Amino acid sequence: MDLLPLFQDVKGRAVLVVGGGTAAARKAELVSRAGARVMVIAPALSDDMARLAGERGFVHRTDSVGAGDLAGCALVFAASEDMALNERVHELAVTAGVPVNVVDRPELCQFIMPAILDRDGVVVAVSSGGDAPLLTRMMKARFETLVPAAYGRLARFGGAWRDRVKAAISDSDLRRRVGDMVVEGPVAERVFSGRDSEAAHAMEAQLEEAAGRAARGPVGEVWLVGAGPGDPDLLTFRALRLMQQAEIVLYDRLIGNGILNLVRRDAERIYVGKAAKNHTVPQDEIGRMLVRLAREGKRVLRLKGGDPFIFGRGGEEIEMLAAEGIPFQVVPGITAASGCASYAGIPLTHRDHAQACVFVTGHGKDEKLGIDWPALIRPNQTIVIYMGLTMLPRLISEYLEHGGRPDMPAAIVEKGTQPDQRVVTGAIGDLPALAEAAGLGPPSLIIIGSVVTLRRDLAWYESAAEAAADAEPETT
Ligand code: SAH
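Definitions and limits used
- Residues numbered from 1 in each chain as written.
- Predicted model: local features only at pLDDT ≥ 70, side-chain atom pairs only at ≥ 80, totals over all residues.
- Heavy atoms only, no water.
- Phe/Tyr/Trp six-rings, centres within 6.5 Å; stacked < 30°, edge-to-face > 60°.
- Helix = DSSP H or I, 4+ residues; strand = E, 2+ residues; numbered from the N terminus.
- Buried < 20%, exposed > 50% of the residue type's maximum accessible area, 1.4 Å probe, protein only.
- Near = heavy atom within 4 Å.
- Polar contact = N/O pair within 3.5 Å; in protein donor to acceptor, adjacent residues only side chain to side chain.
- Areas by Shrake-Rupley, 256 points an atom, 1.4 Å probe, with all protein chains shown as cover.
- Axes fitted to C-alpha atoms, helices over the stretch in contact; angles between N-to-C directions.
- Parallel < 35°, antiparallel > 145°, perpendicular 65-115°, else oblique.
- Left-handed = near helix turned anticlockwise from the far one by under 90°.
- Contact = heavy atoms within 4.5 Å.
- Nonpolar A, V, L, I, M, F, W, Y, C, P; charged D, E, K, R; others polar.
- Pairing = 2+ DSSP bridges.
- Domains from an automatic or database assignment.

Caption draft 1: Layout of the packing of aromatic side chains. Counted according to the given criterion, the structure contains 10 aromatic pairs. Taking the centre distance of 4.7 Å and the plane angle of 65° together, the rings of tyrosine 343 and tyrosine 461 count as edge-to-face. Taken together, the residues tyrosine 343 in helix α13 (residues 336-344) and tyrosine 461 in the loop between α17 (455-458) and α18 (464-471) connect sequence positions 118 residues apart. Given a relative accessible area of 11%, tyrosine 343 falls into the buried group. Look at tyrosine 461 and you get partly exposed, because its relative accessible area is 26%. Feature note: the residues Phe311, Phe359 and Tyr386 constitute an aromatic cluster, connected by ring pairs.

Caption draft 2: Main features of the site of the ligand. With respect to spatial proximity, 20 residues lie near the ligand, and among them Asp307, Ile310, Thr335, Gly416 and Ser444 are the closest. Within the side chain of threonine 335, an N or O atom sits 2.6 Å from an oxygen atom of the ligand. Contacts to the ligand include methionine 387, whose backbone N or O atom sits 2.9 Å from an oxygen atom. Expressed as a share of its isolated accessible area of 550 Å², the protein-covered part of the ligand is 92%. For the shell around the ligand, the secondary-structure elements that each account for two or more residues are α13 and β17 (444-448).

Caption draft 3: The packing of helix α15 (residues 392-401) against helix α16 (residues 431-438), seen in detail. Closest axis-to-axis distance for the α15/α16 pair is 9 Å, and the angle between their directions is 165°. With respect to each other, α15 and α16 are oriented roughly antiparallel. For the pair α15 and α16, the sense of crossing is right-handed. Contacts between α15 and α16 involve Leu392, Pro393 and Ile396 from the former and Leu431, Pro432 and Ala435 from the latter. A breakdown of the residues in the contact of α15 with α16 according to their chemical character gives 6 nonpolar, no polar and no charged.

Caption draft 4: Looking closely at the sheet that holds strand β4 (residues 73-78). One open sheet holds the 5 strands; their spatial order is β3-β2-β1-β4-β5, and the pairing between them is parallel. In this open sheet, the two strands that pair with only one neighbour each are β3 (59-61) and β5 (100-102). Averaged over all pairs of adjacent strands, the angle between strand axes in this sheet comes to 15°, irrespective of strand direction. Sheet analysis places strand β1 (residues 14-18) next to strand β2 (residues 37-41), joined by 5 bridges and oriented parallel. Across the sheet, valine 18 pairs through a bridge with isoleucine 41, a residue of β2.

Caption draft 5: Fine view of the domain arrangement of the protein. The domain boundaries assigned to the protein delineate domain 1 (14-113), domain 2 (151-216), domain 3 (221-334) and domain 4 (343-475). For domain 1 versus domain 3, the separation of C-alpha centres amounts to 50 Å.

Caption draft 6: Quick look at the sheet that holds strand β16 (residues 422-427). Read across the open sheet, the 5 strands follow the order β13-β14-β17-β15-β16; overall the sheet is mixed. Taken across any chain shown, the strands that pair with only one partner, and hence form the sheet edges, are β13 (356-361) and β16. Taking the axes of each pair of neighbouring strands and ignoring which way they run, one obtains an average angle of 20° across the sheet. Bridge count between β13 and strand β14 (residues 381-386): 6 bridges; the pairing is parallel. Opposite cysteine 357, over in β14, you have threonine 382 as the bridge partner. Running over the sheet, α13 touches β13, β14, β15 (409-414), β16 and β17 and is turned about 75° from β17.

What follows is the structure in structure tokens.
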């Protein structure tokens, strides 16, 4: 982030605008809408600017700008058509320590004006730091369609109730929860449709309900949520909704920033990830943490890579919750096998190749792999191995010892669905050498079966060049 987004209170403050043209008028109009007193210094005013002349505190001067004009100003806009004048205003502002914006000169701007969507006081401001104004305008247009016009009304309704809610509910988590229900529930619906007195009744009911809940003592909830294999676009709607509501999140190593950034901003974040062999937080301790936090009344998000019930120990974590009678829900995610297969162009089943597909972990307990190879090595069956990279040579030699064909096509997908996804394909016998040559690291998924050959025609995600390069070592 190059610039820090802020919303500034300029009510009653002086803002200097140098220039009287259209660009200057646009800035002047905005600051005036936010309640600033606008002083324009320009030889003449364009029609746009002249329209503002009636606003409170509006002053127009035609003389030249002096250092004294900047004293006490909240902001300065240098928006004249005379570039030399703009530069001089910039210097004066810097000397006076007043933030300055010079039109069309990003390098001279100490702040920039975002694209703004104003819903009656609820404001969305979008900026690309000046790099892509087209994109920000497009985003603004998107927001226009997303944010109901009555949001401002809802904000005012909420504002009017704020003190009463604060007095009625002392617990801040509970208060936030009531807030969530107001914004998403029947109260908002009534405000949106203009039925304010009905909304007030609904609000009373919410408060009563919350007071009752507070008296019964806190009971939180745990949401065990699968975050998918990495691409944030692959989250489910429910995952996203719960991510937005949680008060605390426990997350793993597989959860990238792209996904973590979608969690409610003021939620507390606790990293409980494990790197193989280096168990940072033991599993039963995570279970105990979930129980303790829920007992404190928190809404806890347990965010896991892929699907929580596929090699995710999700079952173990919620056993304790179930035993302790803590409410929980489980949200499935796209498991690595689906994500990697789709993004690598390898259908896991295909009528000409495989009628079955098995998922197996290559990371056994106590250094023993314990894989039932005869059950895996079968015609027309695709094998997907999770957590197999570190044991790859041993996995492959066991595969061959149990009668697997050394020329069976296989693939390793590293960081599947992520922008830096890599795929290595080849005969299974060559896989360890290929993986080593490519320097593959975690997380990586192994896919074994003749379906891998389909990738030649179906790869779509990486650039064509990469796909061509990795098709080279293919022996089938
Ligand atoms: N619950 C998860 C799996 C956790 S086990 C799921 O359903 O996907 C962790 C293993 O998953 C890793 O060792 C790797 O084999 C695989 N994995 C997870 N995300 C991956 C990704 N983006 N690319 C490749 N493999 C991945």
